[in-house]
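Structure assessment
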Amino acid sequence: MKKNLTTLARNVQQLKRTSFMLLLLSLLFTTRALSQKADGLQELGDLTSQDWKPTPDLNAAIATEQVKINSMLAAPALPATDRSLFLCYQRMLSYVQAEITGGNAVDAAILSSYEKVLVDAATEPDLKQLPLHGLSAMLPELLEALTALPVAAPAQAN
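In what follows, the accompanying structure is described. (Residues numbered from 1 in each chain as written. Predicted model: local features only at pLDDT ≥ 70, side-chain atom pairs only at ≥ 80, totals over all residues. Heavy atoms only, no water.)

The next subject is the overall build of the chain. Along the chain, the regular secondary structure elements total 5 helices and 0 strands. Burial analysis of the chain (158 residues in total) assigns 28% to the buried set. Here the analysis covers contacts within the chain between residues at least 6 apart in sequence; of these, 75% occur between residues at least 24 apart. Taken as a whole, the chain presents about 10200 Å² of accessible surface, with 62% of it coming from carbon and sulfur. (Helix = DSSP H or I, 4+ residues; strand = E, 2+ residues; numbered from the N terminus. Buried < 20%, exposed > 50% of the residue type's maximum accessible area, 1.4 Å probe, protein only. Contact = heavy atoms within 4.5 Å. Areas by Shrake-Rupley, 256 points an atom, 1.4 Å probe, with all protein chains shown as cover.)

Here it is as structure tokens:
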């Protein structure tokens, strides 16, 4: 009888430890996803005041970004974290282009696409290795590609 109680106590303790570890891992994963979302949105700042390229130029800029990311994905022996990052960025570009084509504002398209990709990264095996703050680190490059360049006014002769 004593042996059965001891074994039962050990099993209960092991179950408690396992449950606690699973809880910690899920909290860690949730914190990682939420911190990435907050950091990316804070880093972007107010996008409503940006001067965006016209739609044909936006589509060309997104196509150029897609060609760059496709060449990076074609690299041999690409580490899993890099592959996840590039796949997430590729997916974000597709989402942004679809939303712009659908008539959404560029700033809203970028923000919602960023959030969609983070949700996808939490559930899809190919995207799960996304490094912490990896996608938010690529946002400035995307913003630069989509922002209209200021055109210098011609000098007036006196």
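Evaluated as defined, the whole model comprises 0 aromatic pairs. Geometry around Tyr-95 places Lys-116 over its ring, the cationic atom sitting 5.3 Å from the centre. (Phe/Tyr/Trp six-rings, centres within 6.5 Å; stacked < 30°, edge-to-face > 60°. Lys NZ or Arg CZ within 6 Å of the ring centre and 35° of its normal.)

The next thing to look at is the packing of helix α4 (residues 106-123) against helix α5 (residues 134-146). Packing of α4 against α5 brings their axes to within 12 Å, and their N-to-C directions diverge by 155°. On the basis of the axis angle, α4 is roughly antiparallel to α5. Between α4 and α5 the crossing geometry is right-handed. Taking contact as the criterion, the partners of Val-106, Ile-110, Tyr-114, Val-117 and Leu-118 in α4 are, on α5, Leu-135, Ser-136, Leu-139, Leu-143 and Leu-146. Of the residues that constitute the contact of α4 with α5, the class distribution is 9 nonpolar, 1 polar and no charged. (Axes fitted to C-alpha atoms, helices over the stretch in contact; angles between N-to-C directions. Parallel < 35°, antiparallel > 145°, perpendicular 65-115°, else oblique. Left-handed = near helix turned anticlockwise from the far one by under 90°. Nonpolar A, V, L, I, M, F, W, Y, C, P; charged D, E, K, R; others polar.)

One finds Met-92, Val-96, Ile-110, Leu-135 and Leu-146 to be the most contacted residues of the largest nonpolar core, which totals 32 residues. For this core, the secondary-structure elements that each account for two or more residues are α2 (55-73), α3 (80-101), α4 and α5. With 9 residues, α3 is the single largest residue contributor to this core. Discounting residues that sit within four places of it in the chain, Met-92 has contacts with Ile-110, Ser-113, Tyr-114, Val-117, Leu-135, Leu-139 and Leu-142. (Core = buried A, V, L, I, M, F, W, Y, C linked by side-chain atoms within 4.5 Å.)

Quick look at the packing of α2 against α5 now. Interaxial distance between α2 and α5 falls to 9 Å at its minimum, and their mutual angle equals 140°. The hand of the α2/α5 crossing is right-handed. Residue-level contacts link Leu-58, Ala-61, Ile-62, Glu-65, Lys-68 and Ile-69 of α2 to Met-138, Glu-141, Ala-145 and Leu-146 of α5.

With that settled, consider the side chain of Asp-107. If you trace the backbone, Asp-107 turns up in helix α4. Within the buried core, Asp-107 has no salt-bridge partner, and the shortest N-O distance to an opposite charge, that of Lys-116, equals 14 Å. When neighbours within four sequence positions are excluded, Asp-107 is seen to be in contact with Leu-47, Thr-48 and Trp-52. (Lys, Arg positive; Asp, Glu negative; His and termini not counted. Salt bridge = Lys/Arg side-chain N within 4 Å of Asp/Glu carboxyl O.)

What follows deals with the environment of Ile-100. Relative to the elements of secondary structure, Ile-100 occurs in helix α3. For the pair Ile-100 and Asn-59, spaced 41 residues apart in sequence, the C-alpha to C-alpha distance is 8.7 Å. If near-sequence neighbours (up to four positions away) are discounted, Ile-100 is found in contact with Thr-55, Leu-58, Ile-62, Val-106 and Ala-109.

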